[in-house]
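Results of the structural survey
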Amino acid sequence: MSSRTIAVIGSGPAGLAAGFAAATAGSRVMILEQRPAPGAKLLASGGGKCNVTNTLDMEDFARAFGRQWRFMLPALQNFHGDTLLDFFAAHQVKLVDIDGFHYFPESGSARDVLNMFLRLIAGLGGEIRCNTQVKELLISDQQVHGVCCADGSKIAADAVIIATGGKSFPALGGNDSGYDLARCAGHTVTELFPAMTGIHTAETWVHECAGIALPDCIARIDLPAYRKQPQRGELLFTHHGFSAFAILDLAETVARLLAKQPTVPLRINFTPEISREMWQQTFAGWKKNHGIKKVQTLLAEIFPRKLAAALLNDPDVTAARWKSADAETLLNNITDHPFTITATDSWDRAMVTAGGVALKHIDPDSLESRLTSGLFFAGEILDLTGPCGGYNITWALASGMLAGSNASRR
């Protein structure tokens, strides 16, 4: 058993998992949290329900994180799939597959996940110090020896794990602090972008439909390299553009593109379950059976009234007098509507940070720095970002477990 002292910076899922793993190995663990209470982002995840993981096998899961996916495999081999599910079950938090893909706590509460880790860490003698902001790493001879806090106090440690998360959602503690610490230890931080967030459109009529939610839409970036990467799910009209699941996983790509060009073209199919041919048959039925009714009235039986009006060129035309060209325009507006994206939501609304500490100077088998001995990284702080659906929390937990156990073995 280890007799080492481990300082973990951050009390999100990565920090909690790291603290648990290190304490399990016998280390004295101090989790240092800048906020008044631990786990703020964890409690907010999944709308407070916490989508912990999903059903994908390990390789398919990792591939969802992009070209650097192989870096994740050592961590996932130890904490993914049945291993992860069995861990939660063994500690009285059963995870249930609610739809054939997503796993949530059976209780539907993220609080159960947080309380489980707090209970386990306390039971192993670990300590969580809140209202404690780390300002500096204490490093000499390429070895970390502890941290210096904002109040001037110093905490000696045999190893330090940076699990601060990203800069997204500053109201819940997101900031640049972890990146600043990494840079001071010689690490490169890649360009950072808001991810899993809403987008802004040039089309102002969208803003006037704020609050409208459609249950199933397909959105795709209308550029050659991205047309075969559509996203499907709920679509929410906002005061600035769009959000919800059809949009969230596009936001990172949009943000990266907007760093190079002023706008990004987008196309949306508002009814992917209804084909163009089916719509054409519906339109023909309106002309034949409802000629005296306004097309807008008929369309409002399918879409919210404000959206129906926005999709039509002529709100007063009746079905009998509706021109074929106008029907074709409506068909395109419903099934392949073009939009111009001008921005993403700010960091205040981003759920995840894309980019982070570059992986080239981190050992994937231990998550230890190759530049500073005794310095480890876990979770969102690293340059790995997954889509919605339990990916990022699983990675946070798996990387935390790996970092915590290895920090205790040195």
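Attention in this report is confined to the structure presented alongside it. (Residues numbered from 1 in each chain as written. Predicted model: local features only at pLDDT ≥ 70, side-chain atom pairs only at ≥ 80, totals over all residues. Heavy atoms only, no water.)

A tally of regular secondary structure across the protein gives 15 helices and 19 strands. Seen through its C-alpha atoms, the protein measures out along the principal axes to roughly 85 × 45 × 35 Å. Burial status across the protein gives 53% buried among its 410 residues. Expressed as a percentage of contacts within the protein between residues at least 6 apart in sequence, the contacts between residues at least 24 apart total 72%. Carbon and sulfur atoms make up 49% of the accessible area of the protein, which amounts to about 17700 Å² in all. In the protein, which carries 37 positive and 40 negative side-chain charges, the distance between the mean positions of the two groups comes to 3 Å. (Helix = DSSP H or I, 4+ residues; strand = E, 2+ residues; numbered from the N terminus. Buried < 20%, exposed > 50% of the residue type's maximum accessible area, 1.4 Å probe, protein only. Contact = heavy atoms within 4.5 Å. Areas by Shrake-Rupley, 256 points an atom, 1.4 Å probe, with all protein chains shown as cover. Lys, Arg positive; Asp, Glu negative; His and termini not counted. Charge placed at Lys NZ, Arg CZ, Asp CG, Glu CD.)

Quick look at the pairing of strand β8 (residues 143–149) now. Of all 7 residues making up β8, 5 are buried, and the element is well covered by its neighbours. In sequence, strand β7 (residues 134–140) turns back onto β8 through a hairpin of 2 residues, with Asp141 there showing a positive phi of about 50 degrees. (Pairing = 2+ DSSP bridges.)

Unusually for a residue other than glycine, Asn131 sits at a positive phi of about 55 degrees. Tracing the backbone shows Asn131 in the loop between β6 (127–129) and β7. Judged by relative accessible area, Asn131 falls into the exposed class, the value being 57%.

What follows is about the sheet that holds strand β4 (residues 95–97). Strand order in this open sheet of 3 strands is β3-β5-β4, and the pairing throughout is antiparallel. The strands lining the two open edges of the sheet, one partner per strand, are β3 (53–54) and β4. In the sheet, β3 pairs with strand β5 (residues 102–105) via 2 bridges, with the strands oriented antiparallel. Within β5, the position partnered with Thr53 by the bridge is Tyr103. In the packing of helix α5 (residues 82–90) onto the sheet, the strands contacted are β3, β4 and β5, and the crossing angle to β4 comes to about 130 degrees. (Axes fitted to C-alpha atoms, helices over the stretch in contact; angles between N-to-C directions.)

This part takes up the packing of aromatic side chains. All told, the structure shown has 21 aromatic pairs when counted by the stated rule. Between the aromatic rings of Trp205 and Phe237, the centroid separation amounts to 6.3 Å while the plane-to-plane angle is 45 degrees, which identifies the pairing as tilted. Residue Trp205 is found in helix α8 (residues 204–208), and its partner Phe237 is found in strand β14 (residues 231–237); the two are separated by 32 residues along the sequence. Residue Trp205 is classed as buried on the basis of its relative accessible area of 19%. The class of Phe237 is buried, set by a relative accessible area of 1%. With 6.1 Å between their ring centres and 20 degrees between their planes, Phe237 and Phe270 make a pair best called stacked. In this pair, Phe237 sits in strand β14 while Phe270 sits in the loop between β16 (264–269) and α11 (276–289), placing the two residues 33 residues apart along the sequence. Neither residue differs from the other here; Phe237 and Phe270 are each classed as buried. (Phe/Tyr/Trp six-rings, centres within 6.5 Å; stacked < 30°, edge-to-face > 60°.)

This part covers the environment of Leu257. Positionally, Leu257 belongs in helix α10 (residues 251–258). Setting aside chain neighbours within four positions, we find Leu257 in contact with Ile221, Leu223, Tyr226 and Val264.

What follows concerns the nonpolar core. Counting residues in hydrophobic clusters, the biggest one holds 82 residues, and the most contacted among them are Phe88 and Phe117. With 10 residues, the top contributor of residues to this core is helix α15 (residues 391–407). When neighbours within four sequence positions are excluded, Phe117 is seen to be in contact with Leu16, Ala17, Phe20, Phe87, Phe88, Leu397 and Met401. Counting 42 residues, the second-largest nonpolar core is a separate cluster that includes Trp205, Leu214, Ile247 and Leu266. (Core = buried A, V, L, I, M, F, W, Y, C linked by side-chain atoms within 4.5 Å.)

Okay, the environment of Asp363 next. Its place among the elements puts Asp363 in the loop between β18 (352–354) and β19 (375–377). Sequence separation between Asp363 and Phe71 is 292 residues, and the spatial gap between their C-alpha atoms is 8.6 Å. Residues in contact with Asp363, not counting those within four places in the same chain, are Phe71, Glu368 and Arg370. Here the side chain of Asp363 touches Asp365 through a polar contact of 2.9 Å, landing on its backbone nitrogen. (Polar contact = N/O pair within 3.5 Å; in protein donor to acceptor, adjacent residues only side chain to side chain.)

By definition, the strands of a sheet pair up through backbone hydrogen bonds, in either a parallel or an antiparallel sense. Ordered by their spatial adjacency, 3 strands build an open sheet running β7-β8-β9, and the pairing between neighbours is antiparallel. On the outer flanks of this sheet lie β7 and β9 (154–156), each paired with one strand and no other. For this sheet, the mean inter-axis angle between neighbouring strands, taken without regard to orientation, is 30 degrees. Of the strand pairs in this sheet, β7 and β8 are connected by 6 bridges, and their pairing is antiparallel. Bridging from a neighbouring strand, Glu136 pairs with Cys148 of β8.

This part is about the environment of Leu266. Within the fold, Leu266 resides in strand β16. Taking relative accessible area as the criterion, Leu266 reaches 1% and is therefore assigned buried. Between the C-alpha atoms of Leu266 and Lys294, which are 28 residues apart in sequence, the distance is 30 Å. Contact partners of Leu266, with chain neighbours within four places excluded, come to Ile199, Ala219, Arg220, Ile221, Asp222, Ile247, Leu250, His337, Pro338, Phe339 and Ile341.

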